[in-house]
Amino acid sequence: MAAAYDIAIKHTEPELDSGAPVVAVEDVRKAFAGHKVLDGISLHVARGETLAVLGRSGTGKSVLLRLIIGLETPDSGSICIHGQDIAGLAMDRMGEIRKKMGFLFQHAALYDSLTVAENVAFPLEHHRRDMSRSERSDRVMQLLAEVGMDRAVDKMPSDISGGMQKRVGLARALALEPEILLLDEPTAGLDPISSGEIDELILKLQRERQMASIVVTHDLHSAKAIANSLALLDRGKVVIEGKFEELQDSDIGFVKEFLKQS
Amino acid sequence: MSDRQPIVVAGNHPLFAGQRTISKPYALDLVGRLANGFFEWFGDLGIFFWKVLRAGLTPPYEWRELVRQLDEVGSMSLPLVAAAGAAIGIVISMEARYSLSRFGAKSMFSTTLVYSVIQVMGPIMTGLIVSGRVGAGIGAELASMKVTEQIDAVEASAINPYRLLAATRILACILMLPLLTLAADACGLLTGWFAQAMVEPLSFHQFIESGFKGSKLNDFLPPTFKTAVYGLIIGLIACFQGMRTRGGAAGVGRAATNSVVLASLFVILADVVLVKFILVFFP
């Protein structure tokens, strides 16, 4: 099996093509203890595109991101990253694909025994062993400056606010210069000003880096600000996918209700 | 007789009022589920061990984390193990003096102390002390990382958590247990001699010469190095319990408790097997 994957990686890894989907989710289903969470989801994201995945709490938005980065495996369907189906890949093979991906967890998931700077340096220490200590330090400072956290380098995660933790989490997600950025509720639990700042930061990063991004959120305003297209989930299915205007013009009851309540 | 004839399980205790009986099928179901859970736990442990083994034996090796864990398991446990070893040495010295005097075998004091400390008490005591300190520490640390998604963050950063978090801790336990045992043995012998020397004149040179007289390397090396197996048990169970935790703060508490209890239990059970193994293969 491992040999088959070797061959697949060698022959299917495509050149970056702005038109081809970088992330392709096809008819994915996932259930936990018999409870269907995702029920035939299909989504595609191309380079430079930002897709916002919206929906009520518990509709499987975060599970979708965990499936894309391989922290969960789908019950059926396929998830392709740059054309490579990630289903059944061994952890080290999956690791090679994950190096091209950045993930911001809902609660940032910073390593609580490391300082802010050490958190951001963590992926670099493991994957950029060619970097000297000073180069790594410069890179960490540059990343922290990008997210406006360069004055908190020596602080512990427990000493900074939730919004600041998310900024540091974002800097860590960007450390390996990913081609795909996955953001799980980047503005959840933040005040409107901090939310706006995070949105601006994401937009700035998109302009500069042209990544394929998937943002899971239930904040419609944030989604409208940062995404090229939106997908609305309900009961494990995509109810509608398109631009914000298409959602506004939709006659679907759930879409109308969601937009009205947001 | 009906299938559903009740079985009394809680007598008349007021806490169980209204729930004092269970039906036979329920009792069988309960036993079935317990047996299922037992075998499932061992199966999961086996799969976990295989994943750790595979990750730990393939590069890149996490040297820096290993050194950190060697310090955490070894240096940090040393004072506790040394203190316990010292206390055990005094206790064995006092008990041996009393017992041997009763049977007119006082001349066997040094040999009795040396063999008791090195072959029996040093290894098992070190195993149990490290089970408590390191087992709880690893179990709680990894469980806390699990419930706050830090282990997922390690994996999402394209780093194998079995290699970084588990293999390093287990290897540190394997390497450090024999060294800690040597330290416990040394402290036990020193304080044992000192306790005897306080009562009757006995030079340290005399004590060592008489204690080790006629002994072979096989008398001391296997009991010391069997603690590497204790290290494997402690590290493996603590990492396994920590990395499979669910359920917030309560889950972290459970993982720490289970790590200590199960590691201590399996260390004692392993001791039974290893003593027999040593007696057969290193007579």
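Sequence order sets the numbering: in each chain, residues are counted from 1 along the sequence as written. Lettering for chains starts from A, numbering for ligands starts from 1, and both go in the order in which the items are written. Where local features are concerned, this predicted model is filtered to residues with pLDDT of at least 70; where side-chain atom pairs are given and counted, the filter is 80 or more; whole-chain, interface and lining totals use all residues.

### Comments concerning the environment of Ala-84 of chain B
Residue and element names in this part refer to chain B.
Consideration 1: Its location among the elements puts Ala-84 in helix 3 (residues 78–102).
Consideration 2: A residue is classified by how many C-beta atoms lie within 10 Å of it, and Ala-84, with 19 of them, is partly exposed.
Consideration 3: Distance in space between the C-alpha atoms of Ala-84 and Pro-123 is 12 Å, their sequence separation being 39 residues.
Consideration 4: C-beta atoms are placed from the backbone for every residue, and two residues are taken to be in contact when these atoms lie within 7 Å. Excluding anything up to four places from it in sequence, Ala-84 contacts Met-125, Ile-129 and Ala-184. Helical segments are the DSSP runs of H or I of at least four residues, strand segments are the runs of E of at least two, and each set is numbered from the N terminus. To sort residues by burial, count the other C-beta atoms lying within 10 Å of each one's C-beta; a count of 20 or more means buried, 12 or fewer means exposed, and anything in between means partly exposed. C-beta atoms are built from the backbone.

### A closer look at the packing of helix 6 (residues 161–199) of chain B against helix 9 (residues 227–243) of chain B
Two quantities define a packed helix pair, namely the angle between the axes and the distance from one axis to the other.
Residue and element names in this part refer to chain B.
Consideration 1: Here, axes are lines fitted to C-alpha atoms. For helices the fit covers the stretch in contact, and angles between N-to-C directions go from 0 to 180 degrees. Where helix 6 meets helix 9, the closest approach of the two axes is 7 Å, and the angle between their N-to-C directions is 150 degrees. Where helix 6 crosses over helix 9, the handedness of that crossing is right-handed. Mapping the contact onto sequence places Ala-166, Arg-169, Ile-170, Cys-173, Ile-174, Met-176, Leu-177, Pro-178 and Thr-181 in helix 6 and Thr-227, Ala-228, Tyr-230, Gly-231, Leu-232, Ile-234, Gly-235, Leu-236, Cys-239 and Met-243 in helix 9.
Consideration 2: Of the residues belonging to the contact of helix 6 with helix 9, the class tally is 14 nonpolar, 4 polar and 1 charged. Note on convention: near helix rotated counterclockwise from far helix by under a right angle means a left-handed crossing. Clockwise means right-handed. Residues were grouped as follows: Ala, Val, Leu, Ile, Met, Phe, Trp, Tyr, Cys and Pro as nonpolar; Asp, Glu, Lys and Arg as charged; and all remaining residues, including Gly, as polar.

### Looking at the nonpolar core
Side chains of a nonpolar character, in soluble globular proteins, are inclined to be buried together.
Consideration 1: If you look at the biggest cluster of nonpolar residues, it comprises 132 residues, and the most contacted ones within it are Ile-68, Val-120, Ala-171, Leu-182 and Ile-214 of chain A together with Ile-234 of chain B.
Consideration 2: Looking at this core, the element that brings in the most residues is helix 6 of chain B, giving 17 residues.
Consideration 3: Excluding anything up to four places from it in sequence, Ile-68 of chain A contacts Val-23, Val-25, Ile-79, Leu-182 and Ile-214 of chain A. Think of a nonpolar core as buried Ala, Val, Leu, Ile, Met, Phe, Trp, Tyr and Cys residues chained together by C-beta atoms that fall within 7 Å.

### Quick word on the packing of helix 3 of chain B against helix 6 of chain B
Residues and elements named next belong to chain B.
Consideration 1: At a minimum axis separation of 7 Å, helix 3 and helix 6 run at an interaxial angle of 40 degrees. Regarding the angle of helix 3 to helix 6, the classification is oblique. Remark: the crossing between helix 3 and helix 6 carries right-handed chirality.
Consideration 2: Partitioned by chemical class, the residues of the contact of helix 3 with helix 6 number 17 nonpolar, 7 polar and 2 charged. The cut-offs work like this: below 35 degrees is roughly parallel, past 145 is roughly antiparallel, 65 to 115 is roughly perpendicular, and the gaps in between are oblique.

### Observations concerning the interface of chain A and chain B
Consideration 1: Tallying the contact residues gives 16 residues for chain A and 11 residues for chain B.
Consideration 2: Mapped by element, the contributors of at least two residues to the side of chain A that touches chain B are helix 3 (91–98) and helix 4 (116–127) of chain A.
Consideration 3: Residue composition of the side of chain A that touches chain B, by class: 9 nonpolar, 4 polar and 3 charged.

### Thoughts on the environment of Ser-195 of chain A
Residues and elements named next belong to chain A.
Consideration 1: Turning to its location among the elements, Ser-195 is positioned in helix 7 (residues 192–209).
Consideration 2: C-alpha of Ser-195 to C-alpha of Gly-163: the two residues are 32 residues apart in sequence and 8.1 Å apart in space.
Consideration 3: Leaving out residues up to four positions away in the same chain, Ser-195 has contacts with Thr-187, Leu-190, Asp-219 and Ser-222.

### A short note on the pairing of strand 4 (residues 76–81) of chain A
Look at any regular strand and the pattern is simple: side chains alternate between the two faces of the sheet.
All names here are of chain A.
Consideration 1: Two elements, strand 1 (residues 21–32) and strand 4, share 5 bridges in a ladder whose sense is antiparallel. Looking across to strand 4, one finds that Ala-24 is bridged to Cys-80.
Consideration 2: Both strand 4 and strand 5 (residues 84–85) contribute to a ladder of 2 bridges, which runs antiparallel. Bridge assignment links Cys-80 to a residue of strand 5, and that residue is Asp-85.
Consideration 3: The pairing criterion for strands is at least two bridges between them, as found by DSSP. Counting the residues in the hairpin turn of strand 4 and strand 5 gives 2 residues, including His-82, whose phi is positive at 50 degrees.

### Regarding the sheet that holds strand 5 of chain A
All names here are of chain A.
Consideration 1: The strand order across the open sheet built from 4 strands is 2-1-4-5, with neighbouring strands paired in antiparallel fashion. Each having just a single partner strand, strand 2 (35–46) and strand 5 make up the two edges of the open sheet.
Consideration 2: Across the sheet, helix 2 (residues 61–68) is in contact with strand 1, strand 2 and strand 4; its angle to strand 1 comes to roughly 120 degrees.

### Quick notes on the confidence of the model for chain A
Consideration 1: As a per-residue measure, pLDDT reflects the predictor's confidence and takes values from 0 up to 100. Here chain A averages 88 in pLDDT, while 93% of its residues score no lower than 70.
Consideration 2: Long-range and interchain partners of residues 1–17 of chain A, a stretch whose pLDDT sits below 50, account for 13 contacts in this model, where long-range means more than four residues apart.

### With respect to the confidence of the model for chain B
Residue and element names in this part refer to chain B.
Consideration 1: Taken as a whole, chain B shows an average pLDDT of 91; of its residues, 92% reach a score of 70 or greater.
Consideration 2: The secondary structure element of chain B with the lowest average pLDDT is strand 1 (residues 6–8), at 49, and the one with the highest is helix 9, at 98.
Consideration 3: Scored as a complex, the prediction yields pTM 0.86 and ipTM 0.87.

### Describing the sheet that holds strand 6 (residues 101–104) of chain A
Residues and elements named next belong to chain A.
Consideration 1: The strand order across the open sheet formed by 6 strands is 6-7-8-3-9-10, and the pairing between neighbours is mixed. Edge positions in the sheet fall to strand 6 and strand 10 (237–242), since each has one partner strand and no second. Averaged over all adjacent pairs, the angle separating strand axes in this sheet is 15 degrees, with direction ignored.
Consideration 2: Note: strand 3 (residues 50–55) against strand 8 (residues 212–216), 4 bridges, orientation parallel. When the bridges of strand 8 are listed, Val-53 appears paired with Val-216.

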